[in-house]
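Residue-level listing of the chains:
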Amino acid sequence: MIVATWQKCIYCLKQELPSQQFNTWIRPLRFINGNNTLYLLAPNKFILEWVKDHFLGRIEEIITENSQGETPIIILEIAAAEKLPADISLDQALSTADLTNVLEPEVDQPDQPDNRPHAEYSATPGALNNNQTTKLNVTDSFNNSLVSVTGRPAAPASSHKIQSPGTSPNSRKQRYKGELNPNYTFNNFIEGKSNQIARAASAQVADNPGGAYNPLFIYGGVGLGKTHLMHAIGNHLREQNPGANVVYLHSQTFVGSMVSALQLNAINEFKRYYHSVDALLIDDIQFFAKKERSQEEFFHTFNAIFESGRQIIMTCDKYHSEINGLEERLKSRFGWGLSVAVEPPELETRAAILINKANHEHVYLANEEAMFMAQKLRSNVRELEGALKKVIAHSRFMGSDISIPLIKEALKDLLAIQNKLISVDNIQRTVAEYYKIKMADMVSKRRNRSIARPRQIAMCLSKELTNHSLPEIGNLYGGRDHTTVLHACRTINDLRQSSTDINEDYQNLLRSLSS
Amino acid sequence: MNFSPQLPFDFSVSENFTFTNFLTSGKNAELVSLLEEFESYQEVVAFIWGKKGAGKSHLLQAICHANEEKESLQALYLPMQKIRVFGPEVFKSLHHMDLICLDDFDCIVGEQDWEESLFEFFNRCREEGVKLLVSSENSPRGLNFELQDLASRMSWGVIYQLHELNDDEKLAALHRRAEERHLPLSAEVMQYIYTRHSRDLQSLLEVVDKLDQLSLSEKRRLTIPFVRKVMGWQ
């Protein structure tokens, strides 16, 4: 009866908790039916601690209320992969998967048959026992799509139905998971010298998939548009052939899916799924480095797709032969088709990107302002986009049009290199160098003006740039009293009002210390 | 049974940190305004940086409170300094929330496994429509990332510096804290505290709290000699 009790428990929790809380903390729990013991396995210590502190009391209450006969012992522990029963069968494993559509619990669910003492269940209402014909949606084992598996034992591969994108019940949130991002097209890709070859090659592949440029390997630094091109190809392929199974995913997702499939003893399903795609778009393949099992699996996936004349597109932050920790056989295969580089965009392209993005936000950005921003931000397109968002936010907040002074003001926070940890020692050294006096004079008793004035400036900067108390600052200047520090601060602040030279010196030092 | 989202955990959101009691200068008005209406923010990430004691943790917790009250975004506050004991796997399954507030982000920068885990989590958040609000002592440009992929993603949204209060504003904050505690604190005593103690706001407010308790337990008014004695200042 433990199974039924657990079903009731998660049903109650589902009713009591906001869905995000349920999904975050309860859904990842796995349940193993022990000998009058209810094992709850958390995927990591963090979730374990959280469940223990927030929900275990309530779980115990519900279990006690609903137990017929002896109340089972509840053991909450971390689910290491090796703790899964070694003889777990595929259908048992699949029963651990997520049920997307939550069913009402059935009160009198029979327990597991005796020959399966370790059957495992997800913490999901409706993850009923395996003897029933239950429709399961396996989500996490195949990250980029939902695979429906009907019946027991596991259905053959031919009965697997790949749901079309967008059928996820979680439509409240914007989703790109395993899907092509429709916002990335060739039309809104800004072409310049830095990326024109990559764009042309991508357009070729989009028009003739599985042709001479297979695989297409796009490489270059971060935020330069590799992923945009990849999605543009995918969107074009889908447009040309709406029934095509075009799969986009990040290499880390591939690795994660494979690990899940191994844990769930569902590696064959995993292989069948990836080997059957019409086009595989895999992002940032450098993350395969040093992951030997993933490389092995990807090698077979690559061969299956390539040999059947279907298209593979990959992006990477470096040329394939330069990826450390990648098997030679993969490196060589990556070079079989066409490898194209994407370089950082030049000034005019950066400005054009900004104007295009601003148009997309229905904001007017003049050429002069775009060029000004493009000159300041050279590293990558993501940073450009971030900067533009900040400028637009600032312009809206201030109720002013975008102008160069407004851009300067808005980007101050982004362009500031760092909030250095400034020490009094550093201030003393910088001021001493600036005024060409000895460092020892900062703490000496000498009181002639050529020494005392820089010392006062240093004290004032120490108050401005550090959080030391005034007595501490005084101590660090040769054991002086805090009133001396206060006097120095007042004197320098007065002098900055009356003397341009002092003010300029102060500003120069401030800039040099905080940039 | 009504579950209170984050309260009993040792790094849970403090009830004391709300937008109402966040003391700020005009320089931060734009940032505060953005955070107060964060449910309408369309990007994956927003990045706040500023000195220790500027109020970053306060703001991140305030946004969790505000969204809990408005029942708009399901938010989770994660102070990385305390979370790091759980290892980089900590992000697993957190993509079901609407908003994740990552405090002290800089403490995991430079560590390959953490950065890879966070990079994967970022991509997952983007896929699932989860927002990330990140705080750090340095701007993304000032952090020494191992993974440039993560660095560029942290610059993808808006970046704001959270400015510290100036001297007058800090003194006003001390005055306000004393008033909230019905603690008579003269301008003279306040100035005395301000000139003798570290001037980061959090630590100054803690001094007021401590003096309040000591003044009650010793049944003494707050005078300079009393403060000097109990604080051990010469």
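None of the values given here were measured: they were computed from a predicted structure.

In this section: the sheet that holds strand β2 (residues 75–79) of chain B. Across a sheet, strands are paired by hydrogen bonds formed along the backbone, either parallel or antiparallel in direction. Residues and elements named next belong to chain B. Read from one edge of the open sheet, five strands run β2-β3-β4-β1-β5, paired in parallel fashion. Since the sheet does not close on itself, it has two edges, and those belong to β2 and β5 (158–161), each with one partner. Sheet twist, expressed as the mean angle between neighbouring strand axes with direction ignored, is 15°. Examined bridge by bridge, strand β3 (residues 99–103) and strand β4 (residues 131–136) share four bridges and lie parallel to one another. Bridge pairing in β4 links Leu-99 to Lys-131.

With that settled, the discussion passes to the side chain of A:Asn235. All names here are of chain A. As for its position among the elements, Asn-235 is in helix α7 (residues 226–240). Overall, the relative accessible area of 16% leaves Asn-235 in the buried class. With near-sequence residues (within four places) excluded, Asn-235 lies in contact with Leu-180, Asn-181, Pro-182 and Tyr-184.

Let us now look at the domain arrangement of chain B. A common measure of how large an interface is: the accessible area buried when the components associate. Partitioning chain B into structural domains gives domain 1 (26–161) and domain 2 (167–231). A straight line from the C-alpha centre of domain 1 of chain B to that of domain 2 of chain B covers 33 Å.

Moving on: empty space enclosed by the protein. Inspection of the entire model under this criterion finds four cavities of 30 Å³ or more. Taken as a whole, the largest cavity encloses approximately 590 Å³ of empty space. Along the walls of the largest cavity sit 36 residues, with A:Tyr184, A:Thr227, A:His228, A:Arg382 and B:Trp156 positioned nearest its centre. Of all elements in the fold, only α7, β9 (246–250), α12 (347–360) and α14 (381–398) of chain A together with α4 (112–128) and α5 (148–154) of chain B reach the threshold of two or more residues within the lining of the largest cavity. In terms of residue count, α7(A) provides more of the lining of the largest cavity than any other element does, four residues in total.

What follows concerns the nonpolar core. Among the nonpolar cores identified, the biggest contains 90 residues, and A:Ile59, B:Leu78, B:Phe91, B:Ile100 and B:Phe105 are the most heavily contacted of them. Those residues in contact with B:Leu78 that sit more than four places away from it in its chain are A:Phe46, B:Ile83, B:Phe91, B:Leu94, B:Ile100, B:Cys101, B:Leu102 and B:Asp103.

The interface is formed by 68 residues belonging to chain B together with 75 residues belonging to chain A. For B:Arg141, the salt bridge identified is with A:Glu383, shortest N-O distance 3.1 Å. Across the chain B-chain A interface, the total number found is 23 residue pairs in polar contact (both at pLDDT 80 or more). Residue assignment for the side of chain B that touches chain A shows that the elements contributing at least two residues are α1 (29–36), β2, α4, α5, β5, α6 (167–180) and α7 (187–196) of chain B. The leading source of residues in the side of chain B that touches chain A is α4(B), at eight residues. Its residues assigned to classes, the side of chain B that touches chain A shows 23 nonpolar, 22 polar and 23 charged.

Moving on to the confidence of the model for chain B. Residues and elements named next belong to chain B. Looking at chain B, pLDDT values average 88 and 94% of them are 70 or higher. For chain B, the element scoring lowest by mean pLDDT is α6, at 89; β4 scores highest, at 97. For residues 1–10, every residue scores under 50 in pLDDT, and the model assigns this stretch 33 contacts once sequence neighbours within four places are set aside. For this predicted complex, the interface score ipTM comes out at 0.84, while the overall pTM is 0.74.

Here we take up the packing of aromatic side chains. Centre-to-centre distance and the angle between the planes together describe a pair of aromatic rings. Following the criterion strictly, the structure yields 30 aromatic pairs over all chains and no others. Between A:Phe217 and A:Tyr219 the ring centres are 6.1 Å apart and the planes differ by 45°, which places this aromatic pair in the tilted class. Between A:Phe298 and A:Phe334, the ring centres sit 6.1 Å apart and the planes meet at 65°, which makes this aromatic pair edge-to-face. Separated by 36 residues along the polypeptide, A:Phe298 in helix α10 (residues 292–307) and A:Phe334 in helix α11 (residues 328–334) bring together distant segments of the chain. For the pair formed by A:Phe298 and A:Phe334, the shared burial category is buried. Across from the ring centre of A:Phe299, 3.8 Å away, lies the NZ or CZ of A:Arg329, which sits over that ring. Directly above the aromatic system of B:Trp156 lies the positively charged group of A:Arg382, at a separation of 4.7 Å from the ring centroid.

Quick notes on the rules
Residues numbered from 1 in each chain as written. Chains lettered and ligands numbered in written order. Predicted model: local features only at pLDDT ≥ 70, side-chain atom pairs only at ≥ 80, totals over all residues. Heavy atoms only, no water. Pairing = 2+ DSSP bridges. Helix = DSSP H or I, 4+ residues; strand = E, 2+ residues; numbered from the N terminus. Axes fitted to C-alpha atoms, helices over the stretch in contact; angles between N-to-C directions. Buried < 20%, exposed > 50% of the residue type's maximum accessible area, 1.4 Å probe, protein only. Contact = heavy atoms within 4.5 Å. Domains from an automatic or database assignment. 1 Å grid on protein atoms, 1.4 Å probe; cavity = no way out; pocket = protein on both sides within 12 Å on 5 of 7 lines; lining within 4 Å. Points joined across faces, edges and corners; volume = space filled by probe spheres on them. Core = buried A, V, L, I, M, F, W, Y, C linked by side-chain atoms within 4.5 Å. Salt bridge = Lys/Arg side-chain N within 4 Å of Asp/Glu carboxyl O. Polar contact = N/O pair within 3.5 Å; in protein donor to acceptor, adjacent residues only side chain to side chain. Nonpolar A, V, L, I, M, F, W, Y, C, P; charged D, E, K, R; others polar. pLDDT = per-residue confidence, 0-100. Phe/Tyr/Trp six-rings, centres within 6.5 Å; stacked < 30°, edge-to-face > 60°. Lys NZ or Arg CZ within 6 Å of the ring centre and 35° of its normal.

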